[in-house]
Every structure is written in structure tokens, then in C-alpha cells.
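What follows is each chain in one-letter form.
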Amino acid sequence: MGQIFFYDRKNIRGEFGKVVLQKLEKLGRWASNQNTFHLYCSFILVAYDGLKFEDDPYGYPEPAVDVRIIDFAHTICDVNNTNDEGYVYGLHSLIKHLQ
């Protein structure tokens, strides 16, 4: 699945996949450690700028790739301080499919 997502009609852009996976793993660590919010029906936005990635003289991809949680309309504060296991499961599933 990751190959399809990072295909630009010419090449598979594996360099994006590596950075997106790193950022998703970081997001997964955050989700595993936080126990305040439960996120229902939120989305993960993955955006990258292929030209900027190629033009960076230092090869540092941070400005060209961004991964964010968006749409917090159904976020609930958890008074019991429990982990949002469903969200963590979904993130790990996404990471697995992109590897």
C-alpha cells in the first residue's frame, strides 16, 4: 500500500515513506503515552512537497513532509485517565500497512 501512496506516476518516492513512517511512529508514541483525550472520527493528514524535498541542499526532509491529526470535532476528555486504545491500534495498523 505504501508503494501506491508514494508513487508519482514515474517513481516510487521511498524517501517520503521513510519520513512519514518516522512521523507516524512519533505520533503513535504520543498517543500511547497520553491519557487525556479520546479521538473519534479524526483524520491523519499526510502532506509532502516533492519539489521542495528534492531542492533541499542539505537533504533534510522536515520542511517537505508533514503529518498531523486533524478534525477534532469528536474529541472527548477522559476523566478516568485511560489510554485511547482504539486510536493507538489504528495508528499501528496504518504504520504496518505503509511499511
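Reading guide: rules and limits
Every chain is numbered on its own, with residues counted from 1 as its sequence reads. Owing to the predicted nature of the model, reporting of local features is limited to residues with pLDDT of at least 70; listing and counting of side-chain atom pairs is limited to 80 or more, with chain, interface and lining totals taken over all residues. Just so you know, side-chain values use all the structure's heavy atoms and leave hydrogens and water out. Working definition: helices are DSSP H or I runs of at least four residues, strands are E runs of at least two. Numbering for both runs from the N terminus. Residue exposure (1.4 Å probe, protein chains only): buried if accessible area is under 20% of the type maximum, exposed if over 50%, otherwise partly exposed. Throughout, a contact is declared for two residues whenever any of their heavy atoms are within 4.5 Å. Each patch is built from residues lacking any salt bridge and having more than 30% relative accessible area; the joining distance is 9 Å for like charges and 5 Å for nonpolar side chains (Val, Leu, Ile, Met, Phe, Trp, Tyr). Accessible areas in this description were obtained via Shrake-Rupley with a 1.4 Å probe; residue shielding takes into account the shown protein chains only. Every case where a carboxyl oxygen of Asp or Glu lies within 4 Å of a side-chain nitrogen of Lys or Arg is listed as a salt bridge. Pairs of N or O atoms within 3.5 Å make up the polar contacts considered here, provided that, within protein, one atom can donate a hydrogen while the other can accept it, and that residues adjacent in sequence are counted only when both atoms are side-chain atoms.

Draft legend 1. Expanded view of the environment of Tyr-87. Here Tyr-87 is to be found in helix H4 (residues 85-98). Take Tyr-87: its relative accessible area is 11%, and that puts it in the buried class. Tyr-87 sits 46 residues away from Cys-41 along the chain, and the two C-alpha atoms are 9.6 Å apart. In contact with Tyr-87, other than residues within four places in its own chain, are Ala-31, Leu-39, Ser-42, Ile-44 and Ile-69.

Draft legend 2. Representation of unusual backbone geometry in the model. The phi dihedral of Asp-71 is positive, around 65°, even though this residue is not glycine. Tracing the sequence through the fold places Asp-71 in the loop between strand E3 (65-70) and strand E4 (74-77). Residue classification places Asp-71 among the partly exposed positions, given a relative accessible area of 37%. The backbone of Asn-81 sits at a positive phi, close to 55°, despite the residue not being glycine. Topologically, Asn-81 is positioned in the loop between E4 and H4.

Draft legend 3. Structural view of a nonpolar patch on the surface. Taken together, the side chains of Phe-43, Leu-45 and Ile-70 make up a nonpolar region of the molecular surface, amounting to roughly 260 Å² of accessible area. Its relative accessible area of 34% is what places Ile-70 among the partly exposed residues.

Draft legend 4. Seen up close, the environment of His-97. Mapped onto the fold, His-97 is located in helix H4. Owing to a relative accessible area of 44%, His-97 belongs among the partly exposed residues under this scheme. Of the polar contacts made by the side chain of His-97, one reaches the backbone oxygen of Ser-93; its length is 2.8 Å.

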